[in-house]
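What follows is each chain in one-letter form.
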Amino acid sequence: MPGSVRPLTDQEEPRIVKARIYVTLKPGVLDPQGKAIQHALTSLSFEGVEDVRQGKFFEVKLASSTREDAEKKLDAMCKQLLANTVIENYAIELE
Amino acid sequence: MKSAVIVFPGSNCDRDVAVALERITGKKPAMVWHGGHELPKVDLIVLPGGFSYGDYLRSGAMASHSPVMREVIERAKAGTPTLGICNGFQVLTESHLLPGVLMRNAGLKFLCKDVWLRVENTQSLFTNRYAKGDIIRIPIAHGEGNYFADPDTLKRLEDNDQVAFRYVSAEGEVTDAANPNGSQHNIAGIFNDSRTVLGMMPHPERLAEPALGGTDGRKLFESLLETVA
């Protein structure tokens, strides 16, 4: 097509990727909230609730040109803000 | 002694600590809004108590990324004495100026009461006016003051005498009953390794003159006055 110019790059156009991030307490770190929830479930007559651990869940929409770039950015986000790695683990799922 | 109190959205002990500082040092501290990048040249930086950013995400987590914190972290690392009280302690751990983390109280309840503390180390800018082993009465007011660190960090804190204050009974014994929030080793306050940064959950500014019902917190500010230029 006359006049049309394609950028000379092998980078893909940025597109929106959706990530799910799970932040959970490390094993061995006491979770008094989880314990209280477990007791509440038991008192609601749900039998066999052996353990409850409470965590956090984030959905992040991120403009990114490659999957690798998105993973790198999300990992940095978890380390710098979303999780406190002294007591928490995190897991990232990319759609 | 010139001081600055950093004010975050949701800080609520900034005025209390400013009053204590002014009464004891004779100089009004600069109140520095978190959104600014300008921090005046001061001899002491104070991160006050409160609920910065509504405790969103984790207590102190959002505040630790405030614009002004970049400068605070730089100055604290360069040796400017820095005091974090309650939420300020949480901001210090989230900023990695102090190790460990403050988790939800083991009993899940918000606690607002006076507790007994034992002064563990008087060789610091913050505690030199106390005597080692002094038992002092200071109020706590927090929902997340349960100090946690991994075993290596705890060992390092103990070996280097970085524990400033411990929760104790009125007789000065370290017991589970005297531990209000489940903190490891009954830790109520710690120093960084150069003892120029102190984070503590109890509020010394709330018992710093007789009209407030006690003066046990006063010596902390007097210590600073004596040793900080």
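To be clear, the structure that these remarks concern was listed above.
Let me begin by describing the structure that accompanies this report.

Parameters and conventions
- Residues numbered from 1 in each chain as written.
- Chains lettered and ligands numbered in written order.
- Predicted model: local features only at pLDDT ≥ 70, side-chain atom pairs only at ≥ 80, totals over all residues.
- Pairing = 2+ DSSP bridges.
- Helix = DSSP H or I, 4+ residues; strand = E, 2+ residues; numbered from the N terminus.
- Axes fitted to C-alpha atoms, helices over the stretch in contact; angles between N-to-C directions.
- Contact = placed C-beta atoms within 7 Å.
- Nonpolar A, V, L, I, M, F, W, Y, C, P; charged D, E, K, R; others polar.
- Buried ≥ 20, exposed ≤ 12 C-beta atoms within 10 Å, placed from the backbone.

Note: strands within a sheet are paired through backbone hydrogen bonds, in either parallel or antiparallel orientation. Residue and element names in this part refer to chain A. Ordered in space as β2-β1-β3, the three strands form an open sheet in which the pairing is antiparallel. Edge positions in the sheet fall to β2 (56–64) and β3 (88–94), since each has one partner strand and no second. Direction aside, neighbouring strands of the sheet carry axes that sit 25° apart on average. Where strand β1 (residues 15–25) meets β2, nine bridges bridge the pair, whose relative direction is antiparallel. When the sheet's bridge partners are listed, I16 is paired in β2 with A63.

Turning to the interface of chain A and chain B, a few remarks are in order. Between chain A and chain B, the residue contacts involve nine residues of the former and 10 residues of the latter. Tallying contributions element by element places helix α1 (residues 32–43) of chain A first for the side of chain A that touches chain B, with three residues. Taken together, the residues of the side of chain A that touches chain B break down into seven nonpolar, two polar and no charged.

What follows is about the pairing of β1(A). Pairing geometry for β1(A) and β3(A), over seven bridges, is antiparallel. Pairing of A:T24 across the sheet is with A:N89, part of β3(A).

All names here are of chain B. Overall, mixed pairing links the nine strands, which are arranged β2-β1-β3-β4-β11-β10-β9-β6-β7 in an open sheet. A single partner strand is all that each edge strand has here, and the edge strands are β2 (30–33) and β7 (135–142). Pairs of neighbouring strands in the sheet enclose a mean axial angle of 25°, with direction left out of account. Bridge count for strand β1 (residues 3–7) against strand β3 (residues 44–47) is three bridges, and the pairing is parallel. Looking at the pairing, S3 lines up with L44 of β3.

All names here are of chain B. Looking at the secondary structure, you find T153 in helix α4 (residues 151–159). In this structure T153 comes out as partly exposed when scored by C-beta crowding, with 16 C-beta atoms within 10 Å. Each C-alpha atom of the pair T153 and G182 lies 17 Å from the other, and the pair is 29 residues apart in sequence.

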